[in-house]
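Examination of the molecular architecture
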Amino acid sequence: MKQFDYLVLGSGIAGLTFALQVAPHGRVAIITKKNRAESNTNYAQGGIAAVTSKEDTTEMHVRDTLEAGAGLCREAVVRTIVQEGPARIAELIELGMKFSEREIPRSEGARELDLGKEGGHSKRRILHAKDVTGREIERALLNAVAGQPSIEIFEDHFAIDLITNQKLGEPGPNRCRGVYVLDKRAGVVETFAANVILLATGGCGKVYLYTTNPDIATGDGVAMAYRAGAAVANMEFIQFHPTCLYHPRAKSFLISEAVRGEGGVLKTIQGAEFMNAYHPLGSLAPRDIVARAIDNEMKRSGAGHVLLDITQMPAAFVRERFPNIYETCQRYGIDITKEAIPVVPAAHYQCGGVLTNVDGETEIEGLYAVGEVACTGLHGANRLASNSLLEALVCAHRAGLRVLAQTHPTTTPVIPAWQSGHATNPDELVVISHNWDEIRRLMWDYVGIVRTNKRLLRAQSRIANLQEEIQQYYWDFIVTSDLLELRNIATVAELIVASALQRPESRGLNYNLDFPRPDPAWAQRDTVLRKG
Ligand code: FAD
Ligand code: SIN
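Attention here is on the structure that accompanies the text. Quick caveat: nothing in here was measured; it's all calculated off a predicted structure.

1. Here we look at the overall build of the chain
Check the secondary structure of the chain and you find 14 helices and 22 strands. The C-alpha radius of gyration of the chain comes to 22 Å, within 12% of the 24 Å expected for a compact globule of 532 residues. The burial tally for the chain puts 62% of its 532 residues in the buried class. By sequence separation, contacts in the chain at least 24 residues apart represent 73% of the contacts at least 6 residues apart. Just so you have it, the chain exposes about 20,800 Å², and 50% of that area is on carbon and sulfur atoms. Side-chain charges of the chain comprise 57 positive and 62 negative groups, with the mean position of each set lying 2 Å from the other.

Here's what the structure looks like:
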């Protein structure tokens with residue numbers, strides 16, 4: 001058994017920020033299932049929303065967040081996160097993060113942070129590193145982590161399940177004591193014990209057939225926490241990003257909302273602008289509205305995609321501001337300075353998650369959750385663009401402070417080693433890949449941007465059947481990361497469907513044709529699920 005003071009599951013912005021915060025106070029293990037930089041964070045393009053300009057105010061950022069959240073945000077949480085954002089950004093810069101800057105006009109070469117604009121924001125307030133903000137965040141944070149001798153990173157280590165008092169059959173309140181972890185290279189399951197465990201495992205885009213998320217995003221943290229008895233909230237609110245590149249060879253490539261912020265306009269394949277018919281903010285309307293409008297236009301015309309046109313902006317500006325998007329599209333034969341980009345909506349962000357307060361505390365003692373895996377109440381029914389990196393940064397810092405202010409048990413728990421029983425090597429791997437595809441396709445077809453109760457019920461019964469088969473497979477065969485991820489996406493799919501069925505209204509990202517309007521009785525009501 002490996003014993004640490006702090007166990008951090010995940011090496012995105014949330015996990016790394018927390019690890020740096022607690023590192024001076026004890027030994028930290030960061031468990032991460034691929035290489036250390038591989039995370040949703042690494043692919044973030046647009047940037048981090050925070051009030052840093054004289055033309056902007058905390059109140060305006062709060063108002064935009066509440067407006068996007070469609071009545072379901074927890075206002076006190078919104079205020080805390082928005083207020084504390086600028087201080088956390090300053091610390092990130094201190095750590096070595098390099099945001100894009102611009103020359104201040106008429107100032108003899110003085111420079112200031114360059115601020116981008118995205119949907120739903122009433123002001124320019126998005127700090128960014130060109131269009132590769134996440135890559136730069138990971139570089140800066142991993143560099144800082146490398147300078148901390150008390151932090152050990154375990155790459156290619158897959159967290160399977162949380163170990164709690166209840167699972168160990170011990171009396172007293174449910175407390176998290178450790179984690180079973182698959183060392184993917186050695187093929188063995190190890191036990192990690194700690195009195196403080198942070199879930200920072202990110203989101204669940206891979207539950208859907210089309211997503212902007214990388215392969216790591218299989219909802220493992222939500223599934224693990226749910227199995228351990230924690231409350232999971234608002235999972236029906238899956239955000240679909242309106243503009244994912246539509247190309248047969250492109251896998252999950254996002255075209256940042258910042259492209260629309262800099263003048264990009266959505267058009268039908270015939271070249272007609274359509275967003276003004278849906279919202280006064282046109283192509284920069286809140287994301288739920290834009291995604292639904294595109295879905296509607298595609299269904300109406302039968303087209304497989306729409307277009308995003310930024311050709312009216314000077315080519316040199318586009319190449320300088322969006323170098324990654326420009327080069328990637330160029331590789332697929334699209335010159336975005338000369339032609340419109342084919343785009344479609346794709347699953348992007350999980351607004352719900354493990355229920356926490358703004359300090360990352362869950363219902364299970366010793367278990368904290370921060371970042372996309374958590375539901376703090378900041379996003380409500382629809383996340384405002386670029387608020388997730390902000391939330392992760394602020395809440396990881398607060399969770400660190402909270403953990404350091406608390407007293408934790410001093411004893412080392414006795415945890416039995418992982419039992420493989422009579423499990424053998426899987427005989428037919430096709431079962432795993434088939435079930436993966438089936439879940440992702442049925443979630444796309446039945447639990448997508450526009451829902452009905454009939455489709456949700458159909459999805460529910462298919463997922464229940466698949467889960468029986470997966471469970472059988474899980475007990476009979478030696479675990480692999482593909483099998484573990486399959487088990488987790490099935491659990492998360494179950495939770496998304498169950499939450500959507502619980503909410504008899506359309507609000508924010510949960511659009512159900514059987515209940516096309518918001519119901520005031522459901523304003524401020526979360527859908528909360530607990531195992532059993
Ligand atoms: P992640 O960064 O996803 O990190 C999760 C970590 O957990 C990874 O290291 C992963 O390997 C590890 N992990 C997962 N499961 C396990 C397991 N079972 N065992 C061990 N390790 C595990 N948000 C913004 O605010 N602004 C943006 O501009 C922006 N752009 C985006 C662009 C794209 C393409 C995507 C996909 C998302 C974007 N988002 C953006 C959302 C934002 O990037 C994420 O919400 C945020 O980075 C999540 O950070 P995190 O630390 O919670 O999780
Ligand atoms: C983007 O760059 O469009 C993504 C921003 C976000 O998801 O917040």
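2. Describing the sheet that holds strand β20 (residues 367-369)
Read across the open sheet, the five strands follow the order β9-β3-β2-β13-β20; overall the sheet is parallel. Since the sheet does not close on itself, it has two edges, and those belong to β9 (151-154) and β20, each with one partner. Across the sheet, the mean angle from the axis of one strand to that of its neighbour is 20°, orientation sign disregarded. The pairing of strand β13 (residues 196-199) with β20 spans three bridges and is classified as parallel. When the sheet's bridge partners are listed, isoleucine 197 is paired in β20 with leucine 367.

3. Points about the site of ligand 2
If you check the shell around ligand 2, you find Gln45, Gly46, Glu118, His241, Leu254, Ser256, Glu257, Arg287, His348, Arg383, Ala385 and Ser386 and nothing else. Between ligand 2 and glycine 46 there is a distance of 2.8 Å, counted from an oxygen atom to a backbone nitrogen or oxygen. Within the contact set of ligand 2, an oxygen atom lies 2.7 Å away from a side-chain nitrogen or oxygen of serine 256. For ligand 2, the protein covers 93% of the area, taking 260 Å² as the surface of the free molecule. A class-by-class count of the residues in the shell around ligand 2 yields two nonpolar, six polar and four charged.

4. What to know about the side chain of glutamine 21
Its location among the elements puts glutamine 21 in helix α1 (residues 13-22). Among the residues examined, glutamine 21 registers a relative accessible area of 18% and is labelled buried. Beyond its immediate stretch of four places on either side in the chain, glutamine 21 contacts His397, Gly400, Leu401 and Leu404.

5. Details of the site of ligand 1
The immediate surroundings of ligand 1 are formed by 37 residues, with Thr41, Gly47, Asp220, Glu372 and Ser388 found nearest. One of the backbone nitrogen or oxygen atoms of glutamine 45 is found 3.4 Å away from a nitrogen atom of ligand 1. Expressed as a share of its isolated accessible area of 1,000 Å², the protein-covered part of ligand 1 is 98%. Contributing elements (two or more residues each) for the shell around ligand 1: α1, β10 (157-164), β18 (341-350) and α11 (387-405). Across the shell around ligand 1, the residue classes tally to twelve nonpolar, 20 polar and five charged.

6. A few points about the nonpolar core
Within the largest apolar cluster, 65 residues are counted, with the highest numbers of intra-cluster contacts made by Met443 and Ile496. No other element matches the ten residues that helix α14 (residues 481-502) contributes to this core.

7. Remarks on the pairing of β18
Burial analysis of β18 places ten of its ten residues in the buried class, the great majority of the element. Direction of pairing for strand β17 (residues 306-309) relative to β18: antiparallel, over a ladder of three bridges. Paired with leucine 308 across the strands is isoleucine 341, a residue of β18.

8. Let's talk about helix α8 (residues 287-301)
The terminal C-alpha atoms of α8, which comprises 15 residues, lie 21 Å apart, in line with the 21 Å expected from a rise of 1.5 Å per residue. Among all positions in α8, only Arg287, Asp288, Val290, Ala291, Ala293, Ile294, Asp295, Glu297 and Met298 are buried. For α8, the secondary structure elements touched by its buried residues are β15 (238-245), α7 (257-261), β16 (265-267), β17 and β18. Remark: glycine 302 follows α8 within two positions and exhibits a positive phi of approximately 80°.

9. Digging into the sheet that holds β17
Taken in spatial order, the four strands of this open sheet run β15-β18-β17-β16, and their pairing is antiparallel. Where the open sheet ends on each side, the last strands, each with one partner, are β15 and β16. Looking at each pair of strands side by side, their axes are set apart by 45° on average, direction ignored. Relative to β17, β16 runs antiparallel, the two being bridged by three bridges. Note on β17: the bridge partner recorded for valine 265 is aspartate 309.

10. Thoughts on the environment of glycine 264
For glycine 264, the location among the structural elements is in the loop between α7 and β16. A relative accessible area of 3% places glycine 264 in the buried class. Among residues more than four places away in sequence, those in contact with glycine 264 are Val259, Ser283, Leu308, Asp309, Ile310 and Gln312.

11. Some remarks on the packing of helix α12 (residues 430-446) against α14
Running from amino to carboxyl end, α12 crosses α14 at an angle of 25°, the nearest separation of the two axes being 10 Å. It follows from the interaxial angle that α12 and α14 lie roughly parallel. In this structure, α12 crosses over α14, and the sense of that crossing is left-handed. Taken together, the residues of α14 that come into contact with α12 (itself represented by Ile432, Asn435, Trp436, Ile439, Arg440 and Met443) are Asp482, Leu483, Glu485, Leu486, Ile489, Ala490, Ala493, Ile496 and Val497. Counted by class, the contact of α12 with α14 contains eleven nonpolar, one polar and three charged residues.

12. Observations regarding unusual backbone geometry
For glutamate 108, which is not glycine, the phi torsion reads 55° and is therefore positive. One can find glutamate 108 in the loop between β5 (101-103) and β6 (111-113). Classification of glutamate 108 as exposed rests on a relative accessible area of 85%. Unlike most non-glycine residues, serine 386 shows phi in positive territory, near 65°. Mapping serine 386 onto the fold places it in the loop between β21 (374-375) and α11.

13. Things to note about the pattern of salt bridges
Where charged atoms of side chains with opposite charge meet at close range, the side chains can pair. Throughout the structure, instances matching the rule amount to 37 salt bridges. We note a salt bridge from arginine 102 to glutamate 112, for which the minimum N-O separation is 2.6 Å. Here glutamate 112 lies in strand β6 and arginine 102 lies in strand β5, a separation of ten residues in the sequence.

Calculation notes
The numbering scheme is per chain: residues are counted from 1 as the chain's sequence reads. Chain A is the first chain written and ligand 1 is the first ligand written, with later ones labelled in order. It should be noted that, the model being predicted, local features are given only for residues of pLDDT at least 70 and side-chain atom pairs only at 80 or more, the latter also being counted only at that level, while totals for whole chains, interfaces and linings use all residues. Each side-chain value is derived from all of the structure's non-hydrogen atoms; neither hydrogens nor water enter the calculation. Helix and strand definitions here come from DSSP, where helices need a minimum of 4 consecutive H or I residues and strands a minimum of 2 consecutive E residues; each element is numbered from the N-terminal end. Based on C-alpha atoms, the radius of gyration is set beside the globule rule, defined as 2.2 Å times the residue count to the power 0.38. Residue exposure (1.4 Å probe, protein chains only): buried if accessible area is under 20% of the type maximum, exposed if over 50%, otherwise partly exposed. Contacts are assigned to residue pairs that have any heavy atoms within 4.5 Å of one another. Reported accessibility uses the Shrake-Rupley method at a 1.4 Å probe radius. Residues are deemed covered only where the shown protein chains occlude them. For the charge count, each Lys or Arg is scored as positive and each Asp or Glu as negative, with His and the chain ends excluded. We put the charge of a Lys on NZ, of an Arg on CZ, of an Asp on CG and of a Glu on CD. We call two strands paired when DSSP finds no fewer than two bridges between them. Fitted lines through C-alpha atoms give the axes, limited to the stretch in contact for helices. The angle between two N-to-C directions lies from 0 to 180 degrees. When at least one non-hydrogen atom of a residue lies within 4 Å of a molecule or strand, that residue is treated as near it. Within 3.5 Å is the distance limit for a polar contact, defined as a pair of N or O atoms, with the added protein rule that one can donate a hydrogen and the other accept it, and that residues adjacent in sequence qualify only through two side-chain atoms. In this classification, the charged set is Asp, Glu, Lys and Arg, the nonpolar set is Ala, Val, Leu, Ile, Met, Phe, Trp, Tyr, Cys and Pro, and all remaining amino acids, among them Gly, are polar. To form a nonpolar core, buried Ala, Val, Leu, Ile, Met, Phe, Trp, Tyr and Cys residues must be joined to one another through side-chain atoms within 4.5 Å. Helix span, as expected, comes to 1.5 Å for every residue beyond the first. By definition in this entry, angles of less than 35 degrees are roughly parallel, angles greater than 145 are roughly antiparallel, angles of 65 to 115 are roughly perpendicular, and the rest are oblique. Crossings are assigned a handedness: left-handed for a near helix turned anticlockwise from the far helix by less than a right angle, right-handed for a clockwise turn. We count a salt bridge whenever a side-chain nitrogen from Lys or Arg sits within 4 Å of a carboxyl oxygen from Asp or Glu.

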